[in-house]
Amino acid sequence: MKLDVSDDGAQLAWTNPLHGYITVAKIDSWFPFAAHAVLEIPVHAFWPTFSPDGAKLAYEEVLDWGEGANKARLVIYDLASKTAEPVRDLFEYNQHAMFMSDWVSL
């Protein structure tokens, strides 16, 4: 399980790859912490990362979930339209050596 918080601190994305979903939550308060789920994306995925404006979520989707599977791709999910766009196959890379921690706009 991995998680990310949007740059403005208003959203949290939490992956649960074993059970096959990403939960996106709106953060209501930090002290004490309170949040509520606003979206559940049905996908086996790791490394959720919000775009700088918080409108999109990038993640590494695992296509073949199971022992020895090595088929993954980078996906950009539009939170408003609830649509996923695969942007790069990652089949040639070792999933255990890939980490995504930030989204940088150039």
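Before reading on, note that the structure itself is shown above.
The structure presented is a predicted model; accordingly, all values stated were derived computationally and were not measured.

Asker: Before we move on, can you summarise the packing of aromatic side chains with the specific residues and values?
Answerer: Inspection of every chain in the model, using the stated rule, returns one aromatic pair. Taking NZ or CZ as reference, Lys71 lies 5.9 Å from the ring centre of Phe91, over its face.

Asker: Kindly report on the sheet that holds strand β4 (residues 33-41), identifying the contributing residues and their values.
Answerer: Whether parallel or antiparallel, the strands of a sheet pair through hydrogen bonds between backbone atoms. On the basis of which strands lie adjacent, the open sheet formed by four strands has the order β1-β2-β3-β4 and antiparallel pairing. Each edge of the open sheet is held by one strand with a lone partner, namely β1 (3-5) and β4. Strand-to-strand twist of the sheet, defined as the mean angle between neighbouring strand axes without regard to direction, takes the value 20°. Here three bridges tie β1 to strand β2 (residues 11-16), and the two strands are oriented antiparallel to one another. Residue pairing across strands places Val5 opposite Leu12, the latter belonging to β2.

Asker: Account for the pattern of salt bridges, with residues named and values stated.
Answerer: Using the criterion set out here, one finds two salt bridges in the structure. The closest approach of N and O atoms between Lys26 and Asp28, which form a salt bridge, is 3.8 Å. What makes Lys26 partly exposed here is its relative accessible area of 41%. Between Glu61 and Arg73 there is a salt bridge whose closest N-O contact spans 3.0 Å.

Asker: Can you tell me about the pairing of β4, naming the residues and giving the values?
Answerer: The sheet contact formed by strand β3 (residues 21-30) and β4 spans eight bridges and is antiparallel. In the sheet register, Ile22 faces β4, and the bridge partner there is Ile41. Counted between consecutive antiparallel strands, the loop separating β3 from β4 contains two residues.

Asker: Tell me what's going on with the environment of Val75, and back it up with residues and numbers.
Answerer: Summarising the element assignment, Val75 is placed in strand β7 (residues 72-78). As a C-alpha pair, Val75 and Glu85 span ten residues in sequence and 5.5 Å in three-dimensional space. Discounting residues that sit within four places of it in the chain, Val75 has contacts with Leu57, Ala58, Tyr59, Glu61, Ala84, Glu85 and Pro86.

Asker: With reference to specific residues and values, describe the environment of Asp89.
Answerer: Looking at the element boundaries, Asp89 is found in strand β8 (residues 83-89). Judged by its relative accessible area of 42%, Asp89 falls in the partly exposed class. C-alpha separation for the pair Asp89 and Ala55, spaced 34 residues apart in sequence, amounts to 22 Å.

Asker: Quick one: what's the story with a nonpolar patch on the surface, residue by residue and with numbers?
Answerer: On the surface, Met1, Leu3 and Trp14 cluster together to form a nonpolar patch covering roughly 330 Å² of accessible area. When you line up the elements, Trp14 lands in strand β2.

Parameters at a glance
- Residues numbered from 1 in each chain as written.
- Predicted model: local features only at pLDDT ≥ 70, side-chain atom pairs only at ≥ 80, totals over all residues.
- Heavy atoms only, no water.
- Phe/Tyr/Trp six-rings, centres within 6.5 Å; stacked < 30°, edge-to-face > 60°.
- Lys NZ or Arg CZ within 6 Å of the ring centre and 35° of its normal.
- Pairing = 2+ DSSP bridges.
- Helix = DSSP H or I, 4+ residues; strand = E, 2+ residues; numbered from the N terminus.
- Axes fitted to C-alpha atoms, helices over the stretch in contact; angles between N-to-C directions.
- Salt bridge = Lys/Arg side-chain N within 4 Å of Asp/Glu carboxyl O.
- Buried < 20%, exposed > 50% of the residue type's maximum accessible area, 1.4 Å probe, protein only.
- Contact = heavy atoms within 4.5 Å.
- Patch = residues over 30% accessible without salt bridge, like charges linked within 9 Å, V, L, I, M, F, W, Y side chains within 5 Å.
- Areas by Shrake-Rupley, 256 points an atom, 1.4 Å probe, with all protein chains shown as cover.

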